[in-house]
Number of protein chains: 2
Amino acid sequence: MTNSSDRQTRISYDDLTSLLARIFVRFGVSEANAAIVAANCAGCERDGSLSHGVFRMPGYVSSLRSGWVDGKAVAAVLDVSTAFIRVDARNGFAQPALSLAMPLAVEKASKFGAAVLAIKDSHHFSALWPDLEPLARNGFVALSMVSGLACVAPPGGRKAVMGTNPIAFATPVDGANPMIFDFATSSMSNGDLRIAAREGRGVPLGTGVDAEGEFTEDPSRILDGGALLPFGGHKGSALSLMVEVLASALTGGQFSSEVDFSAHSGAETPKTGQLVIVIDPRRGGNEVFASRVAQLMDVVRASGQTRLPSDRRYRTREAAERDGIPLNDETYQNLLSMTR
Amino acid sequence: MTNSSDRQTRISYDDLTSLLARIFVRFGVSEANAAIVAANCAGCERDGSLSHGVFRMPGYVSSLRSGWVDGKAVAAVLDVSTAFIRVDARNGFAQPALSLAMPLAVEKASKFGAAVLAIKDSHHFSALWPDLEPLARNGFVALSMVSGLACVAPPGGRKAVMGTNPIAFATPVDGANPMIFDFATSSMSNGDLRIAAREGRGVPLGTGVDAEGEFTEDPSRILDGGALLPFGGHKGSALSLMVEVLASALTGGQFSSEVDFSAHSGAETPKTGQLVIVIDPRRGGNEVFASRVAQLMDVVRASGQTRLPSDRRYRTREAAERDGIPLNDETYQNLLSMTR
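Residues numbered from 1 in each chain as written. Chains lettered and ligands numbered in written order. Predicted model: local features only at pLDDT ≥ 70, side-chain atom pairs only at ≥ 80, totals over all residues. Heavy atoms only, no water.

Some words on the pattern of salt bridges
Tallied over the full model, the rule gives 30 salt bridges over all chains. In this structure, the salt-bridge partner of B:Arg292 is A:Glu258, at a minimum N-O distance of 2.7 Å. Pair noted here: B:Arg292 is in helix α9 (residues 289–302) and A:Glu258 is in the loop between α8 (233–249) and β10 (271–279), and the two residues belong to different chains. One continuous salt-bridge network, built from bridges that share partners, spans A:Arg46, A:Asp47, A:Glu133, A:Arg137 and A:Arg317. (Salt bridge = Lys/Arg side-chain N within 4 Å of Asp/Glu carboxyl O. Helix = DSSP H or I, 4+ residues; strand = E, 2+ residues; numbered from the N terminus.)

Description of the relation of the copies chain B and chain A
Of the two same-sequence chains, chain B is brought onto chain A (RMSD 0.0 Å, axial shift 0.0 Å) by a rotation of 180°. Taken together, the turn and the small shift mark the pair as related by a two-fold rotation axis. When C-alpha positions in chain B are compared against the rotation axis, the closest is assigned to B:Gly232, at 2.2 Å. Of all interface residues in chain B, 100% are interface residues in chain A too; the two copies therefore contact each other through one and the same surface. (Least-squares fit on C-alpha atoms with pLDDT ≥ 70 in both. Contact = heavy atoms within 4.5 Å.)

Observations regarding the packing of helix α5 (residues 129–137) of chain A against helix α10 (residues 311–323) of chain A
Pairs of packed helices are described in terms of their axes, by the angle between the two and the distance that separates them. Residues and elements named next belong to chain A. Running from N to C, α5 and α10 point in directions that differ by 90°, and their axes come no closer than 14 Å. The angle between α5 and α10 falls in the class roughly perpendicular. Residues Trp129, Glu133 and Arg137 of α5 lie in contact with α10, whose contacting residues are Arg313, Tyr314 and Arg317. Per-class residue counts for the contact of α5 with α10 are two nonpolar, no polar and four charged. (Axes fitted to C-alpha atoms, helices over the stretch in contact; angles between N-to-C directions. Parallel < 35°, antiparallel > 145°, perpendicular 65-115°, else oblique. Nonpolar A, V, L, I, M, F, W, Y, C, P; charged D, E, K, R; others polar.)

Observations regarding the side chain of B:Arg317
Positionally, B:Arg317 belongs in helix α10 (residues 311–323). Setting aside anything within four residues of it in sequence, one finds B:Arg317 in contact with B:Arg46, B:Asp47, B:Trp129, B:Glu133 and B:Arg137.

Let's talk about the interface of chain B and chain A
Often the size quoted for an interface is simply the accessible area lost on bringing the parts together. Each side of the interface is counted separately: chain B has 74 residues, and chain A has 74 residues. Between chain B and chain A, the buried area comes to about 5400 Å², and carbon and sulfur atoms account for 72% of it. The three residues of chain B that bury the most area against chain A are B:Lys235, B:Leu241 and B:Arg292, which together make up 12% of that side's buried surface. The interface formed by chain B and chain A holds two salt bridges in total. Across the contact surface, chain B and chain A share 16 residue pairs in polar contact (both at pLDDT 80 or more). Ranked by residue count, the leading element in the side of chain B that touches chain A is helix α8 (residues 233–249) of chain B, at eleven residues. Looking at the side of chain B that touches chain A, its residues break down into 41 nonpolar, 23 polar and ten charged. (Buried area = accessible area lost by both parts, 1.4 Å probe. Polar contact = N/O pair within 3.5 Å; in protein donor to acceptor, adjacent residues only side chain to side chain.)

A closer look at the sheet that holds strand β6 (residues 167–173) of chain A
The sheet built from seven strands is open, its strands ordered β2-β3-β4-β10-β5-β6-β7 (chain A) with mixed pairing. What marks the edges here is a single partner per strand, and that holds for β2 (76–81) and β7 (176–183) of chain A. Neighbouring strand axes in the sheet, compared pairwise and without regard to direction, differ in orientation by 15° on average. Two strands pair when backbone bridges link them, and β6(A) and β7(A) are joined in this way by six bridges, in the antiparallel orientation. Counted as the bridge partner of A:Thr171 is A:Met179 from β7(A). Sitting on the sheet, α8(A) touches β4 (114–123), β5 (141–146), β6 and β10 of chain A, and the angle it makes with β5(A) is about 95°. The strands that α8(B) touches are β5, β6 and β7 of chain A; relative to β7(A), the one it contacts most, it runs at about 130°. (Pairing = 2+ DSSP bridges.)

Observations concerning the sheet that holds strand β6 (residues 167–173) of chain B
Residue and element names in this part refer to chain B. Taken together, seven strands build an open sheet; the order of strands is β2-β3-β4-β10-β5-β6-β7 and the sheet is mixed. A strand with exactly one partner marks an edge of an open sheet, and here the two such strands are β2 (76–81) and β7 (176–183). With direction set aside, neighbouring strand axes in the sheet form an average angle of 15°.

Some details on the pairing of β5(A)
Residue and element names in this part refer to chain A. A large share of β5 lies buried, amounting to six of its six residues. With six bridges joining them, β5 and β10 adopt antiparallel strand pairing. Paired with valine 146 across the two strands is glutamine 274, which belongs to β10. (Buried < 20%, exposed > 50% of the residue type's maximum accessible area, 1.4 Å probe, protein only.)

As structure tokens, then:
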């Protein structure tokens, strides 16, 4: 991609969603699935999650054209146990599968106190926080993780065998937006690494290694046969391993190291799995839960932490809802051209 | 404490457990609770988790003498929902409370696929992996977290408001010991920090700040009015926040910042809460789960990672089971003197 222009277009969330949905439909996604994936992608752009916003559209399109992902898939939701739901995404995008399964997960968590949602053969190419925000707005605590493409080497390892394996957590906060964090267990997300490479920016030493296993500050050398490293040394690496166990082994999906694009030139979306744990804090009789979390947020802010997880996202969203979502002209023209 | 002597005693796990149980009973713990806490502490020593082994005995004794913790407490196990158990530890140690609640948690996870165990008003002064190992040996996947004493400042924060807030995860591995990790979300555990201070060793810059909020390599300056920092910057800090939400707000326990020793001189054990999530991977029909995890471990080892989480612990255990648990003479004599 070329450098971005300085001129900006402002577009509403609804208009951006419609535009993206047209692109998805054009490249073989069903109307119902397109509406869901487009809303997700537009929401990321609106909230400033730029590495999962419209930046991802060429990747979505390329994967669809390669035949690697089925845009028309309808997931099978299997009610296998009182507190356990299995979902076979049938080689489709994760968000439509989640959308189908979520009502049952909410019903189970409400009735029984907790529910586990294990999704396999899903393509998750976005952020995780949009999956959890509706749960937290409905009073649930939720934890999710997704395995991905092998691009992370364990500490001391020479070969990329783990995905960026993000973990997200959401909780209601009384009188405020939910607190949601969502981060890659790698030193950097693959999306941010690709943005850095595109913009010719260096990355901090320790972010990753090149094809020879040497530390490098050049993101393109990490992308070109090298590997990212986990964040936080052996602790981040242990979390990444947990993600493979829960999002791949437990769901019945593929490990990051097993994703094989070779028969689908142009494929970019990881086909692995996702685990979601939903807990109803009220069910156990703790009526003051959300106000206790609000107290905690106050204590942490008072200690001097100026920005808590998701603060910036809600501020960005507010501005976008007021002024429209900023897109530079070239990006906007590229999106328009993808509809034709 | 004085420097350790070079001469070593070798003691069996059973003998060490009996010795520690006598100490616990002498300082007011019931026979039943003493057996559980002593086995836990001896197990940590045996497996090389030295910061949670006999090193902790003076702290246990000091807390018991101060009247801060009730060594005779019998927890109330409340079956509040199909997949949700609440436990009021009634100001006792966490391990006897866990021990009482675990059969019900296992029954629920087996029958319903998942169970959440929310414990409040418990004193957890040990490692978390002993709580999870029996679950993983029985085929369950388990996740646990515990809030603690305020000794960690958030990034940018000036004041310690979070505990070291450990997270542990355990999974069965076909044909091998369970893989279990257990780490503080702080840059270092409080126990390791205290050992470093006792031994006059420096800690890496970034581990914590002194009372003026300045980075320091001196562990005693971190302990003396300063604060540890989270591991891995804002990501570790987000995890620490999650631990406060799940182990304190959700359980109905105290936040790390609310633990108030002031009326109990000598108190050292944190009275907060603990969350345990137990999932039965077989229940959902994935019979090959444990062999898939074994495959994953093979892939990660083949990539060049020489030591996986818990490898060292099992090796140390094996040696201790063969040769006895090594204790230096002075430590052993100190333990003996605590029984008189």
